[in-house]
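A structural walkthrough
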Amino acid sequence: MEIDMKIINYDSSKYDFLKIVSEIYDADLQKLDSSDKKESLALGEDTHTPFHKKFYSRVDAGWPEFEKLYQSFIEEVIFPMFEDDVLLYQTLPNIRVQRPEAKAVYLWHCDGDKDHRHPPGEINIFLPLTKCEESNTMWVESIPGLGDFQPLVMEYGQFFIGYLNRCRHGNKVNNTSNTRISFDFRVVPGHAHDESFPERTATANLEFKVGQYYKKMERENTPKTKNQEENKSSALRRQHGKRK
């Protein structure tokens, strides 16, 4: 699968992830820090800091405002980028925390490797809630194995979309005084989903199926995933089908 890697602007006043997440920490996200271990964290260990636990505890307790915002973003921003009439999307995003003098994820990897075992149909979205500079952001290669790693220098109100199932990516040690907080999640166009994919997620042991790792969105049931011309075309197709 090939997909252009892009950084895209979105309306952060409408999809204000920063505001809703800041409320649970009651702090400037860029200044979140702790004295917890910052070196050589293992796979899974780097996503279980007190900051991660606070976010996931809030999610597990039920957070309808956040879930609605996330679903709206998928429906109105991400889904319209794809031609497929079905899109699978990660049930909830991952949160990443890259403290000063630390990394967010310690293992350089591609998502389809032996450690992470994600299905090849997935597309990655990286959405920062804070400013991303060279040392506190994700670095990615443009083609699998090319090794031309470049930093995703981004502002809040932008997201990156790319195919990181085969392209390697990772972090450098954050030598700034600011913490990077970001979301990442994965989507799968309907045609690329393999229901028989045998692997499970590396940390939560979920199957890569609807009802576990994914939720499913269908264009016919979500009019906002289309522009006005597509809505008209869809209505004409339905009328034509009834006349047959």
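As shown above, the structure is provided for reference.
Now for a quick tour of the structure. (Residues numbered from 1 in each chain as written. Predicted model: local features only at pLDDT ≥ 70, side-chain atom pairs only at ≥ 80, totals over all residues. Heavy atoms only, no water.)

Strand order in this open sheet of three strands is 6-5-8, and the pairing throughout is antiparallel. Only two strands of the sheet have a single partner each, and these edge strands are strand 6 (150-151) and strand 8 (169-171). Direction of pairing for strand 5 (residues 138-140) relative to strand 6: antiparallel, over a ladder of two bridges. Bridge assignment links Trp139 to a residue of strand 6, and that residue is Pro151. (Pairing = 2+ DSSP bridges. Helix = DSSP H or I, 4+ residues; strand = E, 2+ residues; numbered from the N terminus.)

Counted by the stated rule, this structure contains nine salt bridges. For Glu76, the salt bridge goes to Lys14, with nearest N and O atoms at 3.2 Å. Note that Glu76 is positioned in helix 3 (residues 64-78) and Lys14 in the loop between strand 1 (6-9) and helix 1 (17-25), a separation of 62 residues in sequence. Across the pair Arg186 and Glu122 runs a salt bridge, and its minimum N-O distance is 3.7 Å. Residue Arg186 is located in strand 9 (residues 180-189), and its partner Glu122 is located in the loop between strand 3 (94-98) and strand 4 (123-128); the two are separated by 64 residues in the primary sequence. Per residue, the accessibility class of Arg186 equals that of Glu122, and both read buried. Linked through salt bridges whose partners overlap, the residues forming this network are Asp111, Glu122 and Arg186. (Salt bridge = Lys/Arg side-chain N within 4 Å of Asp/Glu carboxyl O. Buried < 20%, exposed > 50% of the residue type's maximum accessible area, 1.4 Å probe, protein only.)

Further remarks concern unusual backbone geometry. Phi angles above zero are rare outside glycine, and Arg117 is one such case at about 60°. Mapped onto the elements of the fold, Arg117 is located in the loop between strand 3 and strand 4. Non-glycine residue Asn205 carries a positive phi angle of around 60°. When you line up the elements, Asn205 lands in the loop between strand 9 and strand 10 (214-218). Exposure remark for Asn205: the relative accessible area of 47% places this residue in the partly exposed category.

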